[in-house]
Every structure is written in structure tokens, then in C-alpha cells.
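Summary of the model geometry
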Amino acid sequence: MEKKLGTAPYKGVRDFYPDDQAIQNYIFRVCREAAESFGYEEYGASILEPAELYEAKGNEEIVREQTYTFTDRGGRRVTLRPEFTPTFARLLSARRKTLLLPLRWFTWGSLYRYERTQRGRTREHWQFNADLAGVPGTAAEAEIIFLACAILKAFGLPESAYEVRLNSREIMNYILSDLLSLPPETAIEAARLIDRREKVPKADFEKNLAAAVGEKNESLLLLLYSKNFEEFASRLPEREKSTAGVAEVRELIARLEEVGIGNVRFDQTLMRGFDYYTGMVFEIFDTSAENPRSLFGGGRYDELLSIFGAENLPAAGFGVGDVTLRDMLKTYNLLPPPAGGPDLYLAVAGEKNLGYANDLAASLRSEGVRVAVDLSQRKIGDQLKYADKKGFLFTAVVGEEERESGRLSLKRLKDGREFAFSQTAGGEMVKEMAERLKNG
Ligand code: HAM
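Calculation rules
- Residues numbered from 1 in each chain as written.
- Predicted model: local features only at pLDDT ≥ 70, side-chain atom pairs only at ≥ 80, totals over all residues.
- Heavy atoms only, no water.
- Helix = DSSP H or I, 4+ residues; strand = E, 2+ residues; numbered from the N terminus.
- Rg over C-alpha atoms; globule rule 2.2 N^0.38 Å.
- Buried < 20%, exposed > 50% of the residue type's maximum accessible area, 1.4 Å probe, protein only.
- Contact = heavy atoms within 4.5 Å.
- Areas by Shrake-Rupley, 256 points an atom, 1.4 Å probe, with all protein chains shown as cover.
- Lys, Arg positive; Asp, Glu negative; His and termini not counted.
- Charge placed at Lys NZ, Arg CZ, Asp CG, Glu CD.
- Disulfide = S-S within 2.5 Å.
- Domains from an automatic or database assignment.
- Near = heavy atom within 4 Å.
- Polar contact = N/O pair within 3.5 Å; in protein donor to acceptor, adjacent residues only side chain to side chain.
- Nonpolar A, V, L, I, M, F, W, Y, C, P; charged D, E, K, R; others polar.
- Core = buried A, V, L, I, M, F, W, Y, C linked by side-chain atoms within 4.5 Å.
- Axes fitted to C-alpha atoms, helices over the stretch in contact; angles between N-to-C directions.
- Parallel < 35°, antiparallel > 145°, perpendicular 65-115°, else oblique.
- Left-handed = near helix turned anticlockwise from the far one by under 90°.
- Pairing = 2+ DSSP bridges.

**So, the overall build of the chain**
Of the regular secondary structure elements, the chain holds 17 helices and 16 strands. Against the compact-globule benchmark of 22 Å for 440 residues, the chain has a radius of gyration of 28 Å, which places it well outside the compact range. Scored against the burial criterion, the 440 residues of the chain give a buried share of 46%. Partitioning the intrachain contacts of the chain with sequence separation of at least 6 by distance along the chain shows that 67% fall at a separation of at least 24. Carbon and sulfur atoms make up 50% of the accessible area of the chain, which totals about 22,400 Å². Separation between the mean location of the 61 positive side-chain charges and that of the 67 negative ones in the chain comes to 4 Å.

Shown next as C-alpha cells:
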């Protein structure tokens, strides 16, 4: 016997039945409207990218273990995009000379990472990205974090539900490479261990770090265990205290306070795994016990365009995933209620009236009404029952009499009230019906 195929989706990806897709569309819409209200423009690109786009400068763990890469029929190595930032940089580089700066762009799209699937982590997720190019100072980071918080607010989330965590790649690079003089390989290994700190027991973290950096471990731990930014900065040597990285952290925290964002915490262990970050990095964390996960991740990457041989361009941005956002909205009971059905279901009595019903539907659609026409030829009672179950707001029966007289009666399903319409000399019936239908 022929083997029957399973109906489950591929491991780690999701299907979106209409109810799920409606929630997805709501999430897309809220993010899109927030970005547009900040003057960001939408862009798009293909899911397929040349594999080398990620290999040049990205996240080693993603490239080595998580990309879906294949060779196409023409022998090219192709990757299903695991993130948007290299694509954004590619688009900027291609038109570096003609694009008007500063530039504010956003996009929504699906990304693919071969991850160990678990709550909040899937192999395909949808990510919203907003990036700002052409602004070198912390005003740019402040704006994108402000936008990220505006998105959370637009979903109805209280400030207590999340926390902005930030760090400076510049300071961390200084500590690992200059202050501790670690060779590049060791610095990368130390950064990786610090990044994973919360995922391993404290004793193991300290043991692994000591194995990687040797006796310099003590001074590194002292910095890593500082309680807050001021304590951390006070433990840096004199000459570093006045350098750009330290000043930037202070400046950004002050800028965020100015726009009313006070739930900000400096976190010197926040490394963000991508090699392209050059300055401030940040994550916005869901602080609930149910989903202690990063919602937004981003930062400054001023040198990414160099992989295309283009002149560098200051840029900063973030990505926020639909999976964690959705979990969070569910926890706070903020998912939208199921959408109401379409406006009108036209039940058809007899096939010869189908043409008239279709014409009527077409006229109503051109007035902005959402209308479906029955094609089943079932008994009228069954057609009306179906419309009720599907959540249509109104029904009307189109038969011989309606066709000949030009009259129609709309029935509102929530209370059974009927509204009668007839063709007037002015021919305004469709407009009047549309008005009624759109008002519910
Ligand atoms: P990322 O931290 O890898 O950053 O991803 C950003 C957000 O996407 C995460 O905080 C998380 O909500 C979501 N996310 C990532 N991977 C998964 C997954 N496997 N399953 C579910 N959700 C996931 C970036 O991708 C950077 N390119 C962001 C950026 C934009 N930086 C500057 N501009």
C-alpha cells in the first residue's frame, strides 16, 4: 500500500490557520503602525540569500550550526535568511551613493534557524526589524529603543512587564583585548562564555572562564559582577573612564530617561552574539516568570557595509520576533478577540438566480462591503445556518422575487432585525445597503 503522508508541519515551524493568521496580522499591524508613526518606511527582500552574506560577518553559532544552506541547481550556495541585518546592509550598499540619509526603514518577514526547539524558540519565526542609518550618535539608539517601547505600549503592555538591558561592545572589546590583553581567539571565547553566563551554573561559568583566560579571570569577574554601571565604571582604569564607550552609556541612559523610559539596566554580560556590532547593544526582556526571554535584540553596527567594499555608514536597529511577543501577549491576556465574520452572506434560491446574486455582490464589494455568495444550492435553511456558524453579520436571500422586483431584505444575525431595501428612481439602493452593512 502507498505510504500516507503526515499532516504535521516540518519540525519547528508553524501553520497559521485563519484564527492564528488573524492574530499574526494584528501583531504585524501594531508594529507597522508604530514604525510608520516614527516616519519609518517599509522595505522587503527575498528569503533566499547567497550563503557568503552570513559567512562574511555575522554570528558564528548561527552560521556553523543553524543556517539552512543548500546548493542550487546552478551550483550556487544559498541560505534561507536567518536574520535581516546583512540583507539590510546589502540593500544600503547597493544604493549607498543615491539613498538619502538618514534613512529609517522597517520590514516584517520569516527567518529560518536550525535551533533546538523549545518554548519561545522555533526554526521559523517572523521578525520585525527597524533600522536607522546615517546617524552616528546615541540619539539613534535612543530613537530605536523609544520605538521598541512604543510598540510594547501599543500592544497595551505595562512598563513593569519588560526591562531594557544595555551594554557597550566598545567597552567590552576594550576590556578583553586591551585591558586584559587577551589574544583574539581567547577574547572571542571569553565573550562567548560571558554571553552564555545565565544558561550555565555559576560555578561552571567561573571554571570555564578561568580555563579560557587564566589568572586574568579575577579582574574580569570583578567587572562582570559589578552591581550597576557606576560601580562597573569605577573599576575601570582611569584612562578608560573618560572614553567614548563609558560616556555613551551615560548619555543613552539619560536620553531614554528624557523620553520617559526608566526601566533600563546596564548589563555588562550582554554580549549579543553578532560580530558586526560595534557600539551599544541592547535587548528588551520579558520580565514575567512564564517567558523570561529576550523580545527585542539590537545595537549599533557601523562597519557592516565594509563587507561589500562600500564606504562605512553608521547604523543601528533591532529585531523583534513574533513567537516571544505572542507568548507575552497571551500571558497578559492581550491577544485580540476573534475577529467578526464578513459583512454579508447572500443565500441563493435556485441556480438561475446565481448570476443576479453575483452582480449584486460585485456592486456591494465596490462600496467596500465584504460579501460572499452561496454556491452550494443547498436548502435555504442550511445556507443560513452555515452563514450564522461562520459569523457573518447579515444574511439576505436572493430568489426569483428579489431578482424581478429589485427588492432585498437584509437580516442582522445578532438580533434577527430585518432591513428592507428597494430600488428607487435614483438607483441608490446599493449605496444605502452598503451604509447599513458597514454600520453593523
Ligand atoms: P536576534 O537577537 O538574533 O537579533 O533576534 C531578535 C529577536 O528575534 C529575539 O530577541 C527573539 O525575540 C527573536 N528570535 C530570534 N531567534 C528566534 C527563534 N529561533 N525563535 C523565535 N524567536 C526568535 C537579530 O536577529 C539581529 N539581526 C537584530 C538586529 C536588527 N540588529 C540590528 N538590527
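There is more to say, and it comes next.
**A short note on the state of the cysteines**
Counted by the stated rule, this structure contains 0 disulfides. The structure places no disulfide on cysteine 31, whose sulfur is separated from the nearest cysteine sulfur, that of cysteine 149, by 13 Å. Taking relative accessible area as the criterion, cysteine 149 reaches 6% and is therefore assigned buried.

**Brief notes about the domain arrangement of the chain**
The domain architecture assigned to the chain consists of domain 1 (18–331) and domain 2 (344–439). Here the C-alpha centroids of domain 1 and domain 2 sit 53 Å apart.

**Observations regarding the site of the ligand**
Close to the ligand lie 27 residues, the nearest being Glu83, Thr85, Thr122, Arg272 and Tyr277. Here glutamate 115 contributes a side-chain N or O atom positioned 2.9 Å from a nitrogen atom of the ligand. Between the ligand and the protein, one listed contact pairs a nitrogen atom with a side-chain N or O atom of tyrosine 276 at 3.1 Å. Taken together, the residues of the shell around the ligand sort by class into 8 nonpolar, 13 polar and 6 charged.

**Re the nonpolar core**
Core analysis: the largest hydrophobic core is formed by 71 residues, its most contacted members being Phe128, Phe155, Leu166, Ile175 and Phe318. When residues of this core are assigned to their parent elements, the largest contribution, 9 residues, is made by helix H5 (residues 138–154). Apart from residues no more than four positions distant in its own chain, phenylalanine 155 is found in contact with Tyr26, Ile27, Val30, Cys31, Leu325, Leu329 and Leu334. Leu344, Leu354, Val369 and Phe419 belong to the second largest nonpolar core, which has 23 residues in total.

**What about the packing of helix H14 (residues 354–365) against helix H17 (residues 429–439)?**
Two numbers describe how H14 lies on H17: the axes approach to 9 Å, and their chain directions differ by 65 degrees. As far as their axial angle goes, H17 and H14 are roughly perpendicular. For the pair H14 and H17, the sense of crossing is right-handed. Contacts from Leu360, Ser363 and Leu364 in H14 reach Val430, Met433, Ala434 and Leu437 in H17. Of the residues that constitute the contact of H14 with H17, the class distribution is 6 nonpolar, 1 polar and no charged.

**A look at the sheet that holds strand E3 (residues 68–71)**
Backbone hydrogen bonds are what pair the strands of a sheet, in a parallel or an antiparallel way. Strand order in this open sheet of 3 strands is E2-E4-E3, and the pairing throughout is antiparallel. Sheet topology places strand E2 (48–50) and E3 at the edges, where each strand pairs with a single neighbour. This sheet shows a mean twist of 35 degrees between the axes of neighbouring strands, independent of strand direction. Of the pairings in the sheet, the one linking E2 to strand E4 (residues 77–80) comprises 3 bridges and is antiparallel in character. For glutamate 49, the partnering residue across the bridge sits in E4 and is threonine 79.

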